[in-house]
Amino acid sequence: MNTALERIAVPVLALLASAVLFGLLLAIYAGVDPLEAFALMYQGAFGSWFSWQNTLTRAAPLILTALCTALPARLGLVIIGNEGALVVGGVAAAAAGIAVSSAPPVVVLMTMALAAMIMGGAWIALAGGLRQWRGVNETISSLLLTYIAIALMNHFVEGPLRDPSSLNKPSTFPIGDANMLGTIAGTDVHWGLVYGIVACLVIYLFQRFTTWGFAMEVIGGNPKTARMMGLDVGRYVLLACGAGGAAAGLAGMVEVAAVHGKANASLAVGYGYSGILVSFLARHHPVAIVPVAILLGGIGASGGLLQRRLDLPDAAVVVLQGIIFVAILASETLYGRLWKPKAAT
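Model, not experiment: these values are computed from the prediction.

Undergrad: Any chance you could explain the overall build of the protein here in plain terms?
TA: Within the protein, the secondary structure is distributed over 14 helices and zero strands. Counting from the amino terminus, helix and strand elements in the protein follow one another as α-α-α-α-α-α-α-α-α-α-α-α-α-α. Taken over C-alpha atoms, the radius of gyration comes to 21 Å for the protein, in line with the 20 Å a tight globule of 345 residues would show. Taking the principal axes of the C-alpha coordinates as reference, the protein spans close to 75 × 60 × 35 Å. Split into buried and exposed, the 345 residues of the protein put 48% on the buried side. Of all intrachain contacts in the protein linking residues separated by at least 6 positions in sequence, the fraction that spans at least 24 positions is 75%. Carbon and sulfur atoms form 67% of the exposed surface of the protein, whose accessible area is close to 16400 Å². Averaging the positions of the 18 positive and the 15 negative side-chain charges in the protein gives two centres separated by 12 Å.

Structural data, given as structure tokens:
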């Protein structure tokens, strides 16, 4: 019971500390009333149905990219290549959609999703493979793979897949309006949100009620013991990294099919990096990722209102996210100290 309370209390304390520090920065360096700023942030994120829809739309890719970090974390791996998996997934989805654009929309979307998941999964599995068989640190390799992914995207978007009519902003050929991913009935929120929620629930059930999930927990606790028990650690590493990368790749597909209609530089806007923060704030728990992603999506959605009302730069919310990330990392030292077990009498 104490452990469960601690897992909730520590992130909440980190968020409160981040809010206080951010408020001080606003007051000292921007001359802005922190209470007014936070009130506007709430209004921009959750103050109206329009705000809620904007928040949920931004939360959709965060849910999927957070899984890219959360799943390998089950094995003790720190993967931060979420942005790269999203980018390669988006480019693969666009290429697949263009290739089968004449097929029925359902077939086009399924093909795009499959291509994105395969490419994103393979991209992160590569980092896992390098870690398992070559001893390359997965955090560094996955980050460096992100830069390679963005370079490849620029190559294909500005080269083989470029639409000649995209002059100022090179883009691939569009997948067509008929093949766009629609919105949930009665809302302006696309179906990517549902994909993310379903993915989190499925992964939670998989981790909680299957032998594979239990084996991954054993490996994360003590890899040497897992090997002594006969578990194929390398296979589980590839599985976790591949599944996480597939989720981030699906986020890229959603961005192409539901937002842009094509692949271009707008794929690399930081959803992958924000997904890392979501995963850490949720303690890598699949179900907790959903509300945390909505919170972070709301923070991102409120940036425009802060800019219009208080003349703050739109990137002010990015500063807040950075403060939260540092606070979350620093709060790791509090686990096991807030509620110490009572000595046996």
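Let us keep going from here.
Undergrad: It is not clear to me how the packing of aromatic side chains should be interpreted in this structure. Could you clarify?
TA: Here the distance between the centres and the angle between the planes together describe a pair of aromatic rings. Summed over the entire model, instances satisfying the criterion amount to five aromatic pairs. Between phenylalanine 46 and tryptophan 52, the aromatic rings sit 4.8 Å apart at their centres with planes inclined by 55 degrees, giving tilted as the arrangement. Overall, the relative accessible area of 33% leaves tryptophan 52 in the partly exposed class. Relative to tyrosine 236, the ring of tryptophan 212 lies with its centre 5.1 Å away and its plane at 55 degrees, an arrangement referred to as tilted. Of this pair, tryptophan 212 sits in helix H8 (residues 211-221) while tyrosine 236 sits in helix H10 (residues 233-260), and the two are 24 residues apart along the sequence. Ring pairing ties together the aromatic residues Tyr42, Phe46 and Trp52, which thus form one cluster.

Undergrad: Please explain the side chain of glutamine 207 as it appears in this structure.
TA: Following the sequence through the fold, glutamine 207 ends up in helix H7 (residues 192-209). Contacts of glutamine 207, omitting those with residues within four sequence positions, involve Leu71, Arg74, Gly213, Phe214 and Pro286.

Undergrad: Can you help me understand helix H4 (residues 82-99) in this one?
TA: Three or four residues apart is the spacing at which side chains of an α-helix point the same way, because the helix has 3.6 residues per turn. Over its 18 residues, H4 runs 26 Å from end to end, which matches the ideal 26 Å to within 8%, given 1.5 Å per residue. Within H4, 15 of the 18 residues are buried, leaving the element largely enclosed by the surrounding structure.

Undergrad: Looking at this model, I keep getting lost on unusual backbone geometry. Mind explaining?
TA: Most peptide bonds are trans, and most residues other than glycine sit at a negative phi. If you check the backbone angles, histidine 284 has positive phi at about 65 degrees while not being a glycine. If you trace the backbone, histidine 284 turns up in the loop between helix H11 (271-281) and helix H12 (286-301). Phi at aspartate 311 is positive, roughly 60 degrees, even though this residue is not glycine. Take aspartate 311: it is sitting in the loop between helix H13 (303-310) and helix H14 (316-331). In this structure aspartate 311 comes out as exposed when scored by relative accessible area, which is 67%.

Undergrad: Looking at this model, I keep getting lost on the environment of leucine 306. Mind explaining?
TA: Position of leucine 306 relative to the elements: it lies in helix H13. For leucine 306, a relative accessible area of 1% corresponds to the buried category. Placed 266 residues apart in sequence, leucine 306 and leucine 40 show a C-alpha to C-alpha distance of 6.6 Å. The contacts of leucine 306, once residues within four sequence positions are left out, are Ala37, Leu40, Met41, Asp311, Leu312 and Val317.

Undergrad: Got a minute to help me understand the nonpolar core in this structure?
TA: Membership of the largest hydrophobic core comes to 74 residues, with the highest contact counts inside it found for Met112, Met253, Val278, Ile289, Leu296 and Leu306. With ten residues, the single largest contributor to this core is helix H3 (residues 49-73). With near-sequence residues (within four places) excluded, methionine 253 lies in contact with Gly89, Gly90, Ala93, Leu109, Met112, Ala113 and Ala116. Counting residues in each nonpolar core, the second largest holds 22 residues, with Cys68, Leu77, Ala85 and Leu145 among its members.

So, how was this worked out
- Residues numbered from 1 in each chain as written.
- Predicted model: local features only at pLDDT ≥ 70, side-chain atom pairs only at ≥ 80, totals over all residues.
- Heavy atoms only, no water.
- Helix = DSSP H or I, 4+ residues; strand = E, 2+ residues; numbered from the N terminus.
- Rg over C-alpha atoms; globule rule 2.2 N^0.38 Å.
- Buried < 20%, exposed > 50% of the residue type's maximum accessible area, 1.4 Å probe, protein only.
- Contact = heavy atoms within 4.5 Å.
- Areas by Shrake-Rupley, 256 points an atom, 1.4 Å probe, with all protein chains shown as cover.
- Lys, Arg positive; Asp, Glu negative; His and termini not counted.
- Charge placed at Lys NZ, Arg CZ, Asp CG, Glu CD.
- Phe/Tyr/Trp six-rings, centres within 6.5 Å; stacked < 30°, edge-to-face > 60°.
- Expected span 1.5 Å × (residues − 1).
- Core = buried A, V, L, I, M, F, W, Y, C linked by side-chain atoms within 4.5 Å.

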